[in-house]
Amino acid sequence: LFPSQDTMPAGGFGNLIALPLHGRCAARGTTVFLDPTTMEPWVDQWAFLASLARMAPMAGITNAPFRLIVRECGSGLTTSEEMDAAALLMNHPHANDIAAYFPEERPLAMQLLGKDPDLLCRAAEKLQGLGADIVDLNMGCPMPRITGKGKGAALMRDVAATARILRAMRAVLSVPLTVKIRG
């Protein structure tokens with residue numbers, strides 16, 4: 001997926017000037033590219049690709065204040081930490097804290113963890129009602145305390161059961177359903 005010659009800045013990609021960014025939102029090595037003829041940041045029809053940057057969920061880290069900072073730094077989509085479907089349905093304080101968000105975070109994906117189709121469906125409906133723009137099913141967590149209960153990456157071992165979960169969740173949601181996996 002490359003821009004055509006007519007959408008490239010003067011002189012093509014090779015002549016772009018790389019300007020290191022500094023400050024709160026500049027990760028180490030972050031650069032902005034300037035068009036050498038105008039010295040303006042290079043923006044064109046492919047600029048939307050920058051918003052496809054997505055912050056991956058990280059247990060114990062990606063709380064609402066952190067997600068706001070990530071959005072401020074250019075992430076087009078943030079995802080909550082994983083929340084256990086059963087804990088969310090029981091209104092466990094930890095799950096409720098994870099589900100809390102600021103309106104400025106949107107679009108926001110909220111991630112569920114579980115193995116029971118009924119619990120996952122009811123929890124997905126609850127997240128949708130709370131304002132989730134996307135519901136994400138965690139099928140990537142490799143932690144033994146998670147996989148030992150048949151959740152997270154363990155779901156990838158039982159394709160038929162996982163298919164039933166995904167079909168059931170898709171049937172109750174009107175927002176997109178995504179799946180987190182690891183390669």
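Below, the structure is looked at part by part. What you see is a predicted model; the values in this text were computed from it and never measured.

1. Focus on the overall build of the protein chain
And then number 1: The helix and strand inventory of the protein chain stands at 6 helices and 6 strands.
And then number 2: Traced from its N-terminal end to its C-terminal end, the protein chain shows the element sequence β-β-α-β-α-α-β-α-β-α-α-β.
And then number 3: Counting the 183 residues in the protein chain, one finds 38% classified as buried.
And then number 4: For the protein chain, restricting intrachain contacts to residue pairs at least 6 apart in sequence, the fraction spanning at least 24 positions comes to 61%.
And then number 5: Of the roughly 10,400 Å² of accessible surface on the protein chain, a fraction of 61% belongs to carbon and sulfur atoms.

2. Focus on the packing of helix α4 (residues 117-130) against helix α6 (residues 159-172)
And then number 1: Put simply, α4 and α6 touch, their axes get as near as 9 Å, and they point 30 degrees apart. If you check the angle between α4 and α6, you find them roughly parallel. As for how α4 packs across α6, the hand of that crossing is right-handed. For the pair α4 and α6, the contacting residues are Pro117, Leu120, Cys121, Ala124, Glu125 and Gln128 in the first and Ile165, Ala168, Met169 and Val172 in the second.
And then number 2: Considering only residue class, the contact of α4 with α6 consists of 8 nonpolar, 1 polar and 1 charged.

3. Focus: α6
And then number 1: Over its 14 residues, α6 extends 20 Å from the first C-alpha to the last, a length consistent with the 20 Å expected when each residue adds 1.5 Å.
And then number 2: Inspection of α6 places Ala161, Thr162, Ile165 and Met169 among the buried residues, and these make up the whole buried set. With its buried residues spanning 100 degrees around the axis, α6 presents them on a single face. In α6, the exposed positions angled more than 90 degrees off the buried face are occupied by Val159, Arg167 and Ala171.
And then number 3: Packed against the buried residues of α6 are β4 (108-113), α4, β5 (134-138) and β6 (177-180).

4. Quick word on the environment of Ala100
And then number 1: Of note, Ala100 is situated in the loop between α3 (93-99) and β4.
And then number 2: With 10 residues separating them in the primary sequence, Ala100 and Met110 have C-alpha atoms 9.9 Å apart.
And then number 3: Leave out the neighbours within four places in its chain, and Ala100 touches Ala64 and Arg67.

5. Section: helix α1 (residues 64-72)
And then number 1: Residues of α1 that are buried include every one of Ala64, Arg67 and Val70, and no others. Along the long axis of α1, the arc covered by the buried residues comes to 115 degrees, so they all point the same way.
And then number 2: Where the residues of α1 are buried, they touch β3 (78-84), α3 and β4.
And then number 3: Its side-chain oxygen placed 3.0 Å from the backbone nitrogen of Phe66, Asn63 serves as the N-cap of α1.

6. Thoughts on a nonpolar patch on the surface
And then number 1: On the surface, Met58, Ile61 and Phe66 cluster together to form a nonpolar patch covering roughly 230 Å² of accessible area.
And then number 2: Along the polypeptide, Phe66 turns up in helix α1.
And then number 3: Residue Phe66 is classed as partly exposed on the basis of its relative accessible area of 30%.

7. What to know about the side chain of Ser80
And then number 1: Turning to its location among the elements, Ser80 is positioned in strand β3.
And then number 2: Given the relative accessible area of 0%, Ser80 is considered buried.
And then number 3: A polar contact is formed between the side chain of Ser80 and the backbone nitrogen of Gln111, at a distance of 3.0 Å.
And then number 4: When neighbours within four sequence positions are excluded, Ser80 is seen to be in contact with Pro57, Thr62, Arg67, Ile98, Leu108, Ala109, Met110 and Gln111.

The rules behind these values
Residues numbered from 1 in each chain as written. Predicted model: local features only at pLDDT ≥ 70, side-chain atom pairs only at ≥ 80, totals over all residues. Heavy atoms only, no water. Helix = DSSP H or I, 4+ residues; strand = E, 2+ residues; numbered from the N terminus. Buried < 20%, exposed > 50% of the residue type's maximum accessible area, 1.4 Å probe, protein only. Contact = heavy atoms within 4.5 Å. Areas by Shrake-Rupley, 256 points an atom, 1.4 Å probe, with all protein chains shown as cover. Axes fitted to C-alpha atoms, helices over the stretch in contact; angles between N-to-C directions. Parallel < 35°, antiparallel > 145°, perpendicular 65-115°, else oblique. Left-handed = near helix turned anticlockwise from the far one by under 90°. Nonpolar A, V, L, I, M, F, W, Y, C, P; charged D, E, K, R; others polar. Expected span 1.5 Å × (residues − 1). Arc of directions from axis to C-beta. Polar contact = N/O pair within 3.5 Å; in protein donor to acceptor, adjacent residues only side chain to side chain. Patch = residues over 30% accessible without salt bridge, like charges linked within 9 Å, V, L, I, M, F, W, Y side chains within 5 Å. Salt bridge = Lys/Arg side-chain N within 4 Å of Asp/Glu carboxyl O.

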